[in-house]
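# Structure at a glance
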Amino acid sequence: MLGELTASIAHEINQPLAAITTNAETGLRWLRRETPDLGEVEDLTGSIVADARRAADIIARIRTMASNRIPEQEPVAPNPVVADAVALLRHEISREQIEVVSDLAPDLPPVLADRVQLQQVVVNLAINAVHAMTGKKGARLRLRTARSGGSILIEVGDNGHGIPPENLPHIFDSFFSTKAGGMGIGLAVCRSIVEAHGGSIEAENGPEGGALFRCSLPVYESG
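Residues numbered from 1 in each chain as written. Predicted model: local features only at pLDDT ≥ 70, side-chain atom pairs only at ≥ 80, totals over all residues. Heavy atoms only, no water.

## Points about the sheet that holds strand β7 (residues 211-218)
The following threshold applies: If DSSP finds at least two bridges between two strands, the strands pair. The way it works is that DSSP assigns letters per residue, a run of H or I at least four long becomes a helix, a run of E at least two long becomes a strand, and they are numbered from the N terminus. Fitting a line to C-alpha atoms yields each axis, with helices limited to the stretch in contact; the angle taken between N-to-C directions then spans 0 to 180 degrees. Whether two residues touch is decided by their heavy atoms; if any such pair falls within 4.5 Å, the residues are in contact.
Read from one edge of the open sheet, 5 strands run β2-β4-β5-β7-β6, paired in mixed fashion. In this open sheet, the two strands that pair with only one neighbour each are β2 (99-104) and β6 (200-205). When the angles between neighbouring strand axes are averaged without regard to direction, this sheet yields 15 degrees. Note that β6 and β7 share 6 bridges and pair antiparallel. Bridging from a neighbouring strand, serine 200 pairs with serine 216 of β7. Packing against the sheet, helix α5 (residues 115-132) makes contact with β4 (140-148), β5 (151-158), β6 and β7, and its axis sits at approximately 25 degrees to β5.

In structure tokens form, the structure reads like this:
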């Protein structure tokens, strides 16, 4: 349990820190050009601030868990969470020349959630999709939200190499990874978060051959 917790913390914190480093290095390159692009540097600085705040939110949540306090949950609109998660990865998406296809259902009811945790799920799934399409021409990241009865669905899919059928039963196991150097903790964290919110998560190979992850979360009913 200690090993899983340590790996989970390292995994979660590493994502915003890596984004901060990438954006800072890119900003320095823009500043060192003969004619600096201050508009691009301003955008990158805004992204650095957002990622620093996300890292701080993650640390605050871990401190809450360590002090045995209940995480703060509130009604959260699904679509902005998905949009914000993609915005955090915009430089990785741009670097790999990935097309983002969004199909976000309008007027969805909220879910009762810890916003940082829910965003972390979408970020984990999206960054896995980006890695699965590294170097692929015509790469597409598909994001979809919808209502299904009393649940909200959040789907993240790609047109990468897909998941080998023999790996599907183990894809959410702790420390199971098909990536060289992978920690095998990201999807386990996603499952833990989704299940803690009363939902479920599943994986399959989508119609384009790549991986498709589907989260189902209960609709928040006020009163």
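## Notes on the packing of aromatic side chains
Under the convention used in this document: By convention, a stacked pair of Phe, Tyr or Trp rings (six-membered ring in the case of Trp) has centres within 6.5 Å and planes under 30 degrees apart, an edge-to-face pair has planes over 60 apart, and any other such pair is tilted. Only protein chains enter the calculation, and the probe is 1.4 Å; a residue is then buried if its accessible area is under 20% of its type maximum, exposed if over 50%, and partly exposed in between.
In the structure shown here, the tally under the stated rule is 1 aromatic pair. With a centroid separation of 6.1 Å and an interplanar angle of 85 degrees, the aromatic rings of phenylalanine 172 and phenylalanine 213 are classed as edge-to-face. On the criterion of sequence distance, the pair formed by phenylalanine 172 in the loop between β5 and α6 (186-196) and phenylalanine 213 in strand β7 is long-range, its members being 41 residues apart. With respect to burial, phenylalanine 172 and phenylalanine 213 carry one shared label: buried.

## Things to note about the pattern of salt bridges
Where side chains of opposite charge bring their charged atoms close, a pairing between them can arise. Here is the rule: Salt bridge, as used here, is a side-chain nitrogen of Lys or Arg placed within 4 Å of a carboxyl oxygen of Asp or Glu.
Counted by the stated rule, this structure contains 8 salt bridges. We note a salt bridge from arginine 142 to glutamate 208, for which the minimum N-O separation is 2.8 Å. Of the two residues, arginine 142 sits in strand β4 while glutamate 208 sits in the loop between β6 and β7, which places them 66 residues apart along the sequence. Across the salt bridge formed by glutamate 204 and arginine 214, the nearest N and O atoms sit 3.4 Å from each other. With glutamate 204 in strand β6 and arginine 214 in strand β7, the pair connects residues that are 10 residues apart, well separated along the chain. For glutamate 204, a relative accessible area of 29% translates into the label partly exposed. In the salt-bridge network here, residues are joined through shared partners; they are Arg144, Glu155, Glu202, Glu204 and Arg214.

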